[in-house]
Amino acid sequence: MAVDLRVVGGTLATAQGTLDAGFAIEDGTIVAVGDERHLPDADHTLDVAGKMVLPGVVDPHVHINGFNSIDTYETGTAAAARGGVTTVINFAWQTWTGERERDATGSVWAENGSLLDAIDRQRESADSAYVDYGLHATVTAEDHSVFDEFEAVVEAGVPSFKFFTVYDVGVSNGFLRLAFERLADLDAVAVLHTEDESVCQALTEQRRRAGRGHPTDYPGARPDYAEAMALSDAVSLATETDCKYYGIHTTSRAAVEELAAAREDGTRVRGETCPHFTTLTADAYEKQGTLALQSPPLRAEDDVDAMFESLRSGTLDVVSTDHVASTRAEKAVENWWDCPFGVNSLQTALPVFHEEAVNRRGLPYSFLVRVLSRNPAETFGLPQKGRLAVGADADFVVFDPTETYEISAADNASIADYSIYEGREVTGKVLETYLRGHPIADETGVVGDPRGEFRARDVPTWDPQGGMT
Ligand SMILES: [Zn+2]
């Protein structure tokens, strides 16, 4: 009996290396990988001669349909599909009123709220998702009754919980201590944004009073040591309670040193960085002004090097986008403290990071696949994602490693109408993206009806995970 589709003629990139081979797909699942002569017959054949096939990117840190991001599921996941991203993990904000920060006159946060309700609200908004999605339960109020929901949240397919140490949604070390104890019982993952609130507040106020509103005055208000201080506290609490810890958007050498000290074999402590922390430094605030403003800030060249050293050694596991959609108009403010944080990069992360990691730094495709696909899938309980292997979902990217083009926001599927990579020349282009064996995007845009689904995730098993060497 014939299967649905054979993909032949290309070079497959896996977490182990590259190989010239094909694969076969039945009902959206990869059923055979190997020498094309031995693949089963298929109703259709996709010939990708001269191209590479990468597993779809799994991005565990995106902001879609959130208080801080104007992308809907339709526009945000269209950007993902065009960028070779086939799974995203978005956030369900516990106490979010549904208002956007920039439109609201008052707070966008209610005093309390239910995580399960927040998860339902996100799922109800996601009919038009082009890629598969999961959610992190985001705890945004210091209300202990939320602990009673944790078990049901995990059972709802959401085994990861996000906390902030800063902003009006930040929580205290004492609250984290109690929350981590509950999460450890459930073997769930604590996902942390760490910066020291009082240091960042004090330095921000100091700049406000002095009228230092130019974007180049921004990074000093959220320094690397403030990131490292809060990371050190949070990871200590996670270690003490034996709770799985995942540090998001790591930016600095100071912070990765704290992570490395706590990490051991990666069975309890893991971390990520983002494409902008591997390709840009703080001088972007001089060149791009507030368009490049996000938090924590871009750092120095040595910090960029530290991100690559850490990704290679295994101190960091994942590269995520932290995609946030804003418009140029929203970003165009007089003083940096009035600027909405965040940058959009779901559509550009793969080509931009490929350019830096593979073309410029000479790292192998196996590295790219590990940090963009396999590790995030494994870290967040998505065993069917992030790999080209029998039994996995047939999520893949047809990639031309030889085509050179210039990044332009004119191509953005996101509502965001700018790119921090505008004008950057990259060699390596996403030609087509497939989700569960179906094409979802090509070079001209999304293809077909949205077919993305909510993916209930397993509680992940964090086996020892090392780097390249
Ligand atoms: Zn974020």
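Residues numbered from 1 in each chain as written. Predicted model: local features only at pLDDT ≥ 70, side-chain atom pairs only at ≥ 80, totals over all residues.

- An unreviewed UniProt entry annotates the protein as Amidohydrolase of Haloarcula japonica.
- As its UniProt record puts it under Sequence similarities (unreviewed entry), the protein is described as follows: "Belongs to the metallo-dependent hydrolases superfamily. Hydantoinase/dihydropyrimidinase family."
- Regarding the protein, the UniProt comment filed under Cofactor (unreviewed entry) reads as follows: "Zn(2+)". (UniProt positions renumbered as here; feature names shortened; annotations may be inferred.)

Overview of the overall build of the protein
Thought 1: Helices and strands together make up the secondary structure of the protein, namely 13 helices and 19 strands.
Thought 2: Its C-alpha atoms give the protein a radius of gyration of 21 Å, near enough to 23 Å, the size a compact globule of 469 residues would have.
Thought 3: Principal axes of the C-alpha set define a box for the protein whose edges measure 70 × 50 × 45 Å.
Thought 4: Here the protein holds 469 residues, and 55% of them are scored as buried.
Thought 5: The contacts in the protein between residues at least 6 apart in sequence include a share of 77% that link residues at least 24 apart. (Helix = DSSP H or I, 4+ residues; strand = E, 2+ residues; numbered from the N terminus. Rg over C-alpha atoms; globule rule 2.2 N^0.38 Å. Buried ≥ 20, exposed ≤ 12 C-beta atoms within 10 Å, placed from the backbone. Contact = placed C-beta atoms within 7 Å.)

A short note on the pairing of strand β12 (residues 189–193)
Thought 1: For β12, the tally of buried residues reaches five of five residues, placing the bulk of the element in the interior.
Thought 2: Where the polypeptide runs from strand β11 (residues 160–164) across helix α4 (residues 173–186) and back to β12, its parallel neighbour, the crossover connection is right-handed. (Right-handed = clockwise from strand over helix to strand, strands pointing away.)

Notes on the nonpolar core
Thought 1: Membership of the largest hydrophobic core comes to 142 residues, with the highest contact counts inside it found for Val-53, Ile-119, Val-131, Ala-137, Ala-190, Ala-238 and Ala-292.
Thought 2: Looking at this core, the element that brings in the most residues is helix α6 (residues 224–241), giving nine residues.
Thought 3: Of the domains in this structure, domain 1 (3–54 + 390–402 + 427–446) and domain 2 (56–379) are the two that each give at least three residues to this core.
Thought 4: If we ignore the near neighbours within four places in the chain, the residues touching Ala-238 are Phe-180, Ala-190, Cys-243, Tyr-245 and Val-269. (Core = buried A, V, L, I, M, F, W, Y, C linked by C-beta atoms within 7 Å. Domains from an automatic or database assignment.)

What to know about the pairing of strand β4 (residues 22–26)
Thought 1: With respect to burial, β4 is a largely interior element, four of its five residues being buried.
Thought 2: Of the pairings in the sheet, the one linking strand β1 (residues 3–8) to β4 comprises three bridges and is antiparallel in character. In the sheet register, Arg-6 faces β4, and the bridge partner there is Ala-24.
Thought 3: Note that β4 and strand β5 (residues 29–34) share five bridges and pair antiparallel. Counted as the bridge partner of Phe-23 is Val-33 from β5.
Thought 4: The hairpin turn running from β4 into β5, its antiparallel successor, is two residues long, and Asp-27 in that turn takes a positive phi close to 50 degrees. (Pairing = 2+ DSSP bridges.)

Considering unusual backbone geometry
Thought 1: Residue Ser-295 is joined to Pro-296 through a cis peptide bond whose omega torsion reads -5 degrees.
Thought 2: Following the sequence through the fold, Pro-296 ends up in the loop between α9 (284–287) and α10 (301–313).
Thought 3: Residue Asp-27 is not a glycine yet carries a positive backbone phi of 50 degrees.
Thought 4: Positioned with a positive phi, Asn-65 is a non-glycine residue whose angle comes to about 50 degrees.
Thought 5: Among the residues examined, Asn-65 registers 24 C-beta atoms within 10 Å and is labelled buried.

Some details on the packing of helix α12 (residues 349–360) against helix α13 (residues 365–379)
Thought 1: Between α12 and α13, the least distance of the axes is 10 Å, while the angle of their chain directions is 135 degrees. When the axis of α12 is compared with that of α13, the two are oblique. The two elements α12 and α13 meet at a crossing, and its hand is right-handed. Contacts from Leu-350, His-354, Ala-357 and Val-358 of α12 reach α13 at Tyr-365, Phe-367, Leu-368 and Leu-372.
Thought 2: Taken together, the residues of the contact of α12 with α13 break down into seven nonpolar, one polar and no charged. (Axes fitted to C-alpha atoms, helices over the stretch in contact; angles between N-to-C directions. Parallel < 35°, antiparallel > 145°, perpendicular 65-115°, else oblique. Left-handed = near helix turned anticlockwise from the far one by under 90°. Nonpolar A, V, L, I, M, F, W, Y, C, P; charged D, E, K, R; others polar.)

Comments concerning the sheet that holds strand β3 (residues 18–20)
Thought 1: Read across the open sheet, the seven strands follow the order β3-β2-β7-β16-β17-β18-β19; overall the sheet is mixed. Looking at which strands have only one partner, the edges of the open sheet turn out to be β3 and β19 (445–446).
Thought 2: As paired strands, strand β7 (residues 52–55) and strand β16 (residues 396–406) are joined by four bridges and run antiparallel to one another. Bridge pairing links Leu-54 to Val-397 in β16.

What about the sheet that holds strand β14 (residues 269–273)?
The strands making up a sheet associate through backbone hydrogen bonding, with each pair oriented either parallel or antiparallel.
Thought 1: Ordered in space as β8-β9-β10-β11-β12-β13-β14-β15, the eight strands form an open sheet in which the pairing is parallel. Edge positions in the sheet fall to β8 (57–59) and β15 (318–319), since each has one partner strand and no second.
Thought 2: As paired elements, β8 and strand β9 (residues 85–93) share three bridges and run parallel to each other. For Asp-59, the partnering residue across the bridge sits in β9 and is Val-88.

Comments concerning the environment of Ala-409
Thought 1: Here Ala-409 shows up in the loop between β16 and β17 (425–435).
Thought 2: Judged by local crowding, Ala-409 falls into the partly exposed class, with 19 C-beta atoms found within 10 Å.
Thought 3: Between the alpha carbons of Ala-409 and Ile-420 there is a distance of 8.8 Å; along the sequence they are 11 residues apart.
Thought 4: Excluding residues within four positions of it along the chain, Ala-409 makes contact with Asp-417, Tyr-418, Ser-419 and Glu-422.

A word on the domain arrangement of the protein
Thought 1: What the domain assignment reports for the protein is domain 1 (3–54 + 390–402 + 427–446) and domain 2 (56–379).
Thought 2: Computed from C-alpha atoms alone, the centre-to-centre distance between domain 1 and domain 2 is 31 Å.
Thought 3: Taken residue by residue, the interface counts 20 residues in domain 1 and 22 residues in domain 2.
Thought 4: Put simply, the parts of the chain that give the side of domain 1 that touches domain 2 at least two residues each are β16, β17, β18 (438–442) and β19.
Thought 5: With six residues, β17 is the largest single contributor of residues to the side of domain 1 that touches domain 2.
Thought 6: Tallied by class, the residues present in the side of domain 1 that touches domain 2 amount to 10 nonpolar, eight polar and two charged.

Quick look at the environment of Val-304
Thought 1: Summarising the element assignment, Val-304 is placed in helix α10.
Thought 2: Measuring from C-alpha to C-alpha, the distance between Val-304 and Tyr-245 comes to 23 Å, with 59 residues separating the pair along the chain.

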